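Spelled out from the first residue to the last, the chains are:
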Amino acid sequence: MGKKAKGSRKGKKAWRANISTEDIDDYFEKSTKDALSGGPLTELPSESLFYVDKSSDLSVKRKIEKHREKVLRCDSLLQRNSFVKPVPSSTQKKSKKSRKEAPAAKDAVQGLLKEDGVSDSGMVDIWGDEGEHTGKFKKKSKPSIIPAVEVEPPGCSFNPAFESHQDSLACAVADEMQKIYRHELGPQPIPFMVPGEVVDEEDAYFLEADNGSDDDQQNIENKDENGDNVHEKRPSITKKVTRVELNKRARRKEKLRTEAEAKKVEQFSKEIDSLPDIIQEIAKDDEEKQRRHLRRIVAKQERLKSRPPRLGRHKFEPAPVQVLLSEEITGSLRKLKGCSTLARDRFKSLEKRGLVVPSAKSGRK
């Protein structure tokens, strides 16, 4: 529909006839609605308009719990037999887990709200920083037994005493000799090519003669076939078993059974008599297992003091002892030979403490 055409407003009569009375009609309609509903809302007190609902929705809660407590038909069939334990389904596991987690979370939230002084209606001040619980926990790193900075023995200094220097030098020499012995005495790798010798014709003839000719093998096979044919040609004689033989077999079987039972009873009585010795052996075995366990724990701790646990495909190789030779000791820092090993020392320390995965030994190309 189009817009309503405006009437003429020439003269007082036309002006009065075309005056709009919509606002008056709306006011009267609103007043009648308020009178029928009990009065205007602006005049009612706040207590009658708003209230705090402290009741919990029990009907919905009962429906949810009833749905969770449902039992599947397969479980109900298994529950009828007292000797068969039902296998719980995945849905029941989830429901039990959620049922256990829901009250715990609810109690935690209620505890936080009560501590912060929040009302029972669950209204929380969103601008308040008190009682803020993010739920994120920082992962604590396990402290290493190996210290971050290790002090070298006194024999490794630039001007050491003679005895301490000789001790450190002996340790370095022992480490190098161990590497040499491990390389020399270790298992030899499998060679790619095996050296061989050329065989002469005469030697080859004798080797073939030792192996035997094909004719002999054929003769042996023919003999075996003939023997099998002879055995096959022999008539098979079936002997009839009499009642006497059957009785003998039954008596023999019964005798063997009684002997086996008597032997079992005798063995059982011997085991009962040797019960104290068995108990002592079990106690000794337990003590030995406990000692072995303690030795493993101590060995593991000692191993962790010298090297980290296995992190990657490569093992940790400790750096060689930085000890000066006897002709390199000058007794002065100014005449000391310079070597920049600080970065390498820090990197080895990180590998030793298990903070960096050990890498393969790479030489300069």
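None of the values given here were measured: they were computed from a predicted structure.

## A word on the overall build of the protein chain
Moving on, step 1. A tally of regular secondary structure across the protein chain gives 12 helices and zero strands.
Moving on, step 2. Reading the secondary structure of the protein chain in the N-to-C direction produces α-α-α-α-α-α-α-α-α-α-α-α.
Moving on, step 3. Burial statistics for the protein chain: of 365 residues in total, 7% are counted as buried.
Moving on, step 4. A sequence separation of at least 24 residues applies to 60% of the contacts in the protein chain between residues at least 6 apart.
Moving on, step 5. Carbon together with sulfur atoms contributes 56% to the accessible area of the protein chain, which is approximately 35,500 Å² in total.

## Some remarks on a nonpolar patch on the surface
Moving on, step 1. Taken together, the side chains of Val173, Met177, Ile180, Tyr181 and Leu185 present a nonpolar region at the surface, about 490 Å² in accessible area.
Moving on, step 2. Among the structural elements, leucine 185 can be located in helix 7 (residues 162-185).

## Notes on helix 2 (residues 22-37)
Owing to its 3.6 residues per turn, the α-helix aligns residues three or four sequence positions apart on the same side.
Moving on, step 1. Look at helix 2: 23 Å from first C-alpha to last across 16 residues, which is about the 22 Å you get at 1.5 Å a residue.
Moving on, step 2. The buried count for helix 2 comes to one of 16 residues, which makes it a mostly uncovered element.

## Some thoughts on the layout of surface pockets
Moving on, step 1. When its volume is computed, the largest pocket comes out at roughly 2,200 Å³.
Moving on, step 2. As for the largest pocket, its lining consists of 50 residues, of which Pro318, Ala319, Pro320, Val321 and Gln322 are closest to the centre.
Moving on, step 3. Listed by contribution, the elements that provide at least two residues to the lining of the largest pocket are helix 7 and helix 12 (342-352).
Moving on, step 4. By residue number, the principal contributor to the lining of the largest pocket is helix 12, which donates nine residues.
Moving on, step 5. Among the residues making up the lining of the largest pocket, the classes are represented as 21 nonpolar, 11 polar and 18 charged.

## Notes on the packing of helix 10 (residues 243-273) against helix 11 (residues 275-306)
Moving on, step 1. It is the contact of helix 10 with helix 11, at a shortest axis distance of 4 Å, that shows an interaxial angle of 60 degrees. The angle between helix 10 and helix 11 falls in the class oblique. For the pair helix 10 and helix 11, the contacting residues are Glu271, Ile272 and Asp273 in the first and Leu275, Pro276 and Ile278 in the second.
Moving on, step 2. Grouping the amino acids of the contact of helix 10 with helix 11 by side-chain chemistry returns four nonpolar, no polar and two charged.

## Observations regarding a negative patch on the surface
Moving on, step 1. On the surface, a cluster of negative charge is made up of Glu22, Asp23, Asp25 and Asp26.
Moving on, step 2. Looking at where aspartate 26 falls in the secondary structure, it is placed in helix 2.
Moving on, step 3. Classification of aspartate 26 as partly exposed rests on a relative accessible area of 48%.

## Digging into the side chain of serine 164
Moving on, step 1. You can see serine 164 is positioned in helix 7.
Moving on, step 2. What makes serine 164 buried here is its relative accessible area of 19%.
Moving on, step 3. With residues near it in sequence (within four places) discarded, serine 164 still touches Pro154 and Gly155.

## Quick look at the environment of valine 149
Moving on, step 1. By secondary structure assignment, the location of valine 149 is in the loop between helix 6 (90-116) and helix 7.
Moving on, step 2. Accessibility expressed as a relative area gives 60% for valine 149, which makes it exposed.
Moving on, step 3. Considered as a pair, valine 149 and serine 349 are 200 residues apart in the sequence and their alpha carbons are 7.6 Å apart.

## Some words on the pattern of salt bridges
Moving on, step 1. Scanning the entire structure with this criterion turns up 10 salt bridges.
Moving on, step 2. Two residues, arginine 257 and glutamate 254, come together in a salt bridge whose shortest N-O distance is 2.3 Å. Of this pair, arginine 257 and glutamate 254 both sit in helix 10, three residues apart, which is roughly one turn of the helix.
Moving on, step 3. Here arginine 257 falls in the partly exposed class, since its relative accessible area comes to 41%.

## Some words on the confidence of the model for the protein chain
Moving on, step 1. Looking at the protein chain, the pLDDT average stands at 76 and 68% of residues meet or exceed 70.
Moving on, step 2. Per-residue pLDDT, averaged within each element of the protein chain, yields its smallest value for helix 6 (53) and its largest for helix 10 (92).
Moving on, step 3. The low-confidence segment residues 112-121 (pLDDT under 50) makes eight contacts with residues lying over four places distant or belonging to another chain.

## A word on a positive patch on the surface
Moving on, step 1. On the surface, a cluster of positive charge is contributed by Lys142, Lys300, Arg303, Arg307, Arg310 and Lys315.
Moving on, step 2. As for its placement among the helices and strands, lysine 315 is situated in the loop between helix 11 and helix 12.
Moving on, step 3. Relative accessible area serves as the criterion here: at 57%, lysine 315 is assigned to the exposed category.

## Some remarks on the environment of glutamate 351
Moving on, step 1. In this fold, glutamate 351 is placed in helix 12.
Moving on, step 2. Ignoring any residue separated from it by four or fewer positions in sequence, one finds glutamate 351 in contact with Pro308, Phe316, Val356, Val357, Pro358 and Ser359.

## Structural notes on the environment of isoleucine 329
Moving on, step 1. Locating isoleucine 329 in the fold gives a position in the loop between helix 11 and helix 12.
Moving on, step 2. In contact with isoleucine 329, not counting residues within four places along its chain, are Phe158, Pro160, His165 and Leu324.

Definitions and cut-offs
- Residues numbered from 1 in each chain as written.
- Predicted model: local features only at pLDDT ≥ 70, side-chain atom pairs only at ≥ 80, totals over all residues.
- Heavy atoms only, no water.
- Helix = DSSP H or I, 4+ residues; strand = E, 2+ residues; numbered from the N terminus.
- Buried < 20%, exposed > 50% of the residue type's maximum accessible area, 1.4 Å probe, protein only.
- Contact = heavy atoms within 4.5 Å.
- Areas by Shrake-Rupley, 256 points an atom, 1.4 Å probe, with all protein chains shown as cover.
- Patch = residues over 30% accessible without salt bridge, like charges linked within 9 Å, V, L, I, M, F, W, Y side chains within 5 Å.
- Salt bridge = Lys/Arg side-chain N within 4 Å of Asp/Glu carboxyl O.
- Expected span 1.5 Å × (residues − 1).
- 1 Å grid on protein atoms, 1.4 Å probe; cavity = no way out; pocket = protein on both sides within 12 Å on 5 of 7 lines; lining within 4 Å.
- Points joined across faces, edges and corners; volume = space filled by probe spheres on them.
- Nonpolar A, V, L, I, M, F, W, Y, C, P; charged D, E, K, R; others polar.
- Axes fitted to C-alpha atoms, helices over the stretch in contact; angles between N-to-C directions.
- Parallel < 35°, antiparallel > 145°, perpendicular 65-115°, else oblique.
- Lys, Arg positive; Asp, Glu negative; His and termini not counted.
- Charge placed at Lys NZ, Arg CZ, Asp CG, Glu CD.
- pLDDT = per-residue confidence, 0-100.

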